Amino acid sequence: MLAHASDLVSGPGPAGRLARALDLYEYQGKELFRRFGIPVSDGRLATSPAEAREAAQELGGGVVVKAQVLTGGRGKAGGIKLAETPAEAEARAREILGLDIRGHVVRRLWIERASEIAREYYLSVTFDRGVKRPLLMFTTKGGVDIEEVAANDPDALVRLHVDPLEGYHPWQGRRLVYAAGVSDPGEQKQIVQIVGRLVEAFTACEAMLCEINPLIVTPAGEVRALDSKFSIDDNALFRHPDLAELRDLAAADPLEALAREKGVTYVKLDGDVGVLGNGAGLTMSTVDVVTFVGGRPANFCDLGGGGDAQGVVDALEVITSDPQVRAIFFNIFGGITRCDEVARGILQALGQLTISQPIVVRLDGTNAEEGRRLLREAGAANLHTEATMLDGARRAVELAAA
Ligand code: GDP
Ligand code: MN
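These notes cover the structure that comes with them. Each chain carries its own residue numbering, running from 1 in the written order of its sequence. Each chain gets a letter, beginning with A, and each ligand a number, beginning with 1, in the order they are written. Thresholds applied to this predicted model are a pLDDT of at least 70 for local features of residues and 80 or more for the giving and counting of side-chain atom pairs; totals over whole chains, interfaces and linings are not thresholded and use all residues. In computing side-chain properties, one takes all heavy atoms of the structure into account and sets aside hydrogens as well as water.

Let's shift gears to the coordination of the manganese ion (ligand 2). Each pair of donors in an ideal octahedron of six around a metal sits at 90 or 180 degrees, and each pair in an ideal tetrahedron of four sits at 109.5 degrees. Coordinating N, O and S atoms are those within 2.8 Å of the metal (3.2 Å for Na, K and Ca), and as water is not part of the atoms, a site may appear to have fewer donors than expected. Taken together, the protein donors to the manganese ion (ligand 2) comprise N213 (O) and D227 (OD), at separations of 2.2 Å. Separated by 14 residues along the polypeptide, N213 in strand β11 (residues 207-217) and D227 in the loop between β12 (223-225) and β13 (229-233) bring together distant segments of the chain. Per residue, the accessibility class of N213 equals that of D227, and both read buried. What counts as a helix is a DSSP run of H or I of at least four residues, what counts as a strand is a run of E of at least two, and both are numbered from the N terminus. For every residue, the accessible area (1.4 Å probe, protein chains only) is compared with the maximum for its type, and the residue is labelled buried under 20%, exposed over 50%, or partly exposed between those bounds.

The following block contains the structure:
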């Protein structure tokens, strides 16, 4: 599932593949916040009502029982409830576990010491791809959807870019809090410190998004992160094995898990044409062309730069495991990737897997002639070759509808 727009970014990552995000659960993000010195409440993880009761007992006093799912708006969906006693925590846990929040089934709970809230603010760091810089956003109108604030009260949302070469400077944090109208000096000081640490966490973890909504102020004037949204760049995970381990394989789409295991970049969409290309740019263009000729992509797979035979077999295995796929459009431009090698991969896949869907292949560039010859000579009934991207897309869309 393509959960957020932030899952899919415009440019190719360091490996020439699409950059994707590893989204962390709230409790994982908060653990990172704690590591970087951002104040959070004490809490415990629980996976059963009995564990929730125990956690509440240990924490003492009132707690909040929070569904851990990789989607926002849990509060509105009934996934966040206050409990005064351990018995109540157990009862709330029983209600929330198993709940389906927009397709995400709750299997973990975060039991946190309840906070008293005087005010709810919002703070985030993300990338502004337009200007190629990290972007800080802060508003005192937190707790609600930030898109709402941006649409209805744009002046309340303060935005500030960080120069990647100069790095972050504390005056930027000060400018954020002054511009947003935070007047209490104690609050200002704490928030400026949190902004600096959030930028540090964002940079050190090679994150794509670090968001605190709400960043609360307690009646005693203490500022604390009550929620966390933390997404890490997939392409940077090889440098962060400890962060890579945080991925919850059980929550992932089984096909995405298969793709990841095979090292294939795969994104699920909801049409019926499977799209396979090499390189992020060509793959995205292929998705566009399929849409342009009236089709709907079921997914897209990026073979990356290499495109060896085994890579093709793996990608076809992932694509054909998607039951929505009625035809496959295989669009290859040979540069470093050699078209004959890709053709061998396709034939190898046809030998190893039972592929019932028609496959339309367009090969161009390095060794395209040789590739097309191999496919022709194989004479497989469900293989169709086309000379151009447009014709290939048209053919695939026709076959998907047939
Ligand atoms: P989200 O709905 O998925 O964004 O989950 P949040 O963690 O942001 O919680 C949603 C809302 O629940 C917050 O904006 C708070 O108003 C409320 N909430 C969460 N934790 C507490 C708490 O400890 N005490 C109180 N009083 N309210 C809380
Ligand atoms: Mn929130």
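Take the packing of helix α9 (residues 280-292) against helix α13 (residues 389-401) next. Only the contacting stretch of a helix is used when fitting its axis, a line to C-alpha atoms as for every element, and angles between N-to-C directions run 0 to 180 degrees. It is at 9 Å that the axes of α9 and α13 come closest, and there the two elements cross at 55 degrees. Taken together, the axes of α9 and α13 are oblique relative to one another. Considering the relative orientation of α9 and α13, their crossing is right-handed. Where α9 approaches α13, its residues L282, S285, T286, V289, V290 and F292 are matched on the opposing element by M389, L390, A393 and V397. For classification purposes, angles smaller than 35 degrees are called roughly parallel, those larger than 145 roughly antiparallel, those between 65 and 115 roughly perpendicular, and all remaining angles oblique. If you view the pair so one helix is near and one far, a crossing is left-handed when the near helix is turned anticlockwise from the far one by less than a right angle, and right-handed when it is turned clockwise. Here, two residues are considered to be in contact whenever any of their heavy atoms come within 4.5 Å of each other.

With respect to the secondary-structure elements, T126 resides in strand β8 (residues 119-128). Counted as a polar contact is a pair of N or O atoms within 3.5 Å, where, for protein atoms, one must be capable of donating a hydrogen and the other of accepting one, and residues adjacent in sequence contribute only when both atoms are in side chains. Of the polar contacts made by the side chain of T126, one reaches the backbone oxygen of M208; its length is 3.0 Å. Apart from the residues lying within four places of it in its own chain, the contact partners of T126 are R133, P134, L135, M137, F202, M208 and L209.

Such coordinate-based values are descriptive only and should not be taken to indicate function.
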